[in-house]
Amino acid sequence: MARKLLITGAAGTIGKVLYEGLKAEGKYEIIAADVKRDEEAGIVEMDIHDAARLAELTRGVDTVLHFAWIKDKGDFLGKVLSGNVSGAYKLYEAAVKNGVKRIVFASSNHATGFYKVGESIDVEDPYRPDSFYGLSKCYIELLGRLYADQGKISSMNIRIGNFPGDDRPHSERAAHIWISDRDMIRLTVCCIEARPEMSYLNLYGTSANTDNYYDIGYLEEQIGYKPQDNAAELLEQAKKIGFWVKQDETTFQGGQKE
Ligand SMILES: NC(=O)C1=CN([C@@H]2O[C@H](COP(=O)(O)OP(=O)(O)OC[C@H]3O[C@@H](n4cnc5c(N)ncnc54)[C@H](O)[C@@H]3O)[C@@H](O)[C@H]2O)C=CC1
Ligand SMILES: O=C(O)[C@H]1OC(=O)[C@H](O)[C@@H](O)[C@@H]1O
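So, here's what we can say about the structure. All figures in this text were calculated on a predicted structure; none of them were measured in a lab.

### Looking at the pairing of strand 6 (residues 154-160)
Consideration 1: Burial analysis of strand 6 places 7 of its 7 residues in the buried class, which makes it a mostly covered element.
Consideration 2: Across the two faces of strand 6 the burial is the same, with Ser154, Met156, Ile158 and Ile160 and Ser155, Asn157 and Arg159 all buried.
Consideration 3: Alignment of strand 5 (residues 102-108) against strand 6, held across 7 bridges, turns out to be parallel. Looking across to strand 6, one finds that Ser108 is bridged to Ile160.
Consideration 4: Judged from the 6 bridges that link them, strand 6 and strand 7 (residues 200-205) form a sheet pairing that is parallel. Counted as the bridge partner of Ser155 is Tyr200 from strand 7.

This is the structure in structure tokens:
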């Protein structure tokens, strides 16, 4: 029987690419949902605040891919806590009640964005959020950890680097964190297919960039992720043809300056 997936945020920059890529895999039954319904694209309506709708949509689902996000702009009490954190809680509760096996969450490099450029960091290093946005990602990663430790669901948090939506790196900073469309799809498939006993995993989601901030080589053995693209090569080509590349020297990995 085909594995049933629910993608939240399916109309978004990453969601759209994932939905198409996972359809093309040809082996999944997919519910694509977003607050923006798009009948033509097969995207049904779902508001992350609506617990009843979440209960309905998670029924019979094997894996939830949680990519919906209310743009927060630092509104801590409102969009961060009452929107994204409480929305994730409602989604995870619904998933657990319906026996969903795994949640793959779109976390972010900003969960550790206050490490300095030049520092080599490991995924087990302490959180260093660089914003309320990054902080909310830490909270939701830990929500997943709680449910996983309680034996209720398997939880994987992909700390995505930079996915601009047009499949090319645009800045010097992107050379350290970029992920291409096909690597994003590949990585998500690896998370979906990872062995069921894997109850919790945090990982950085980037392509095989020469200058990656994070060593992700071990992911091949752990979950079979073998990225194919490299921002350094594409930035080199872009510069040769005079394509705009932002020179952005930053102090911190999340992009902020001292
Ligand atoms: N694009 C990137 O470079 C990175 C993205 N991420 C994370 O990946 C996820 C997806 O990012 P993008 O696709 O770039 O964002 P996006 O803003 O393009 O997509 C988010 C989607 O969520 C939907 N949404 C908003 N409010 C909603 C609600 N109340 N209920 C249901 N859906 C709602 C939006 O309509 C939108 O389609 C986010 O969690 C983001 O923080 C993390 C790191 C990097
Ligand atoms: O750090 C980055 O480049 C990206 O990180 C994120 O978490 C954001 O969702 C995305 O809009 C940024 O562009």
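### Examining the sheet that holds strand 5
Consideration 1: Taken together, 7 strands build an open sheet; the order of strands is 3-2-1-4-5-6-7 and the sheet is parallel. Of all the strands in the sheet, just strand 3 (43-45) and strand 7 have a single pairing partner and so form its edges. Within this sheet the neighbouring strands show an average axis-to-axis angle of 25°, counted without direction.
Consideration 2: Two strands pair when backbone bridges link them, and strand 4 (residues 63-66) and strand 5 are joined in this way by 4 bridges, in the parallel orientation. Looking across to strand 5, one finds that Thr63 is bridged to Arg102.
Consideration 3: Those strands touched by helix 1 (residues 13-25) are strand 1 (3-8), strand 2 (28-34), strand 3, strand 4 and strand 6, and its axis lies near 165° from that of strand 2.
Consideration 4: In the packing of helix 4 (residues 132-149) onto the sheet, contacts are made with strand 5, strand 6 and strand 7, and the angle to strand 5 comes to roughly 160°.

### Let's talk about the packing of aromatic side chains
Consideration 1: According to the stated counting rule, one finds 7 aromatic pairs in the structure shown.
Consideration 2: With 6.3 Å between their ring centres and 40° between their planes, Trp69 and Phe105 make a pair best called tilted. Remark: Phe105 occurs in strand 5 and Trp69 occurs in the loop between strand 4 and helix 3 (76-97); sequence separation between them is 36 residues.
Consideration 3: A centroid spacing of 6.1 Å and a plane angle of 50° characterise the contact between Tyr92 and Tyr147, whose relative ring orientation is tilted.

Procedures and definitions
- Residues numbered from 1 in each chain as written.
- Chains lettered and ligands numbered in written order.
- Predicted model: local features only at pLDDT ≥ 70, side-chain atom pairs only at ≥ 80, totals over all residues.
- Heavy atoms only, no water.
- Buried < 20%, exposed > 50% of the residue type's maximum accessible area, 1.4 Å probe, protein only.
- Helix = DSSP H or I, 4+ residues; strand = E, 2+ residues; numbered from the N terminus.
- Pairing = 2+ DSSP bridges.
- Axes fitted to C-alpha atoms, helices over the stretch in contact; angles between N-to-C directions.
- Contact = heavy atoms within 4.5 Å.
- Phe/Tyr/Trp six-rings, centres within 6.5 Å; stacked < 30°, edge-to-face > 60°.

The quantities given are spatial measurements derived from coordinates; they are silent on function.
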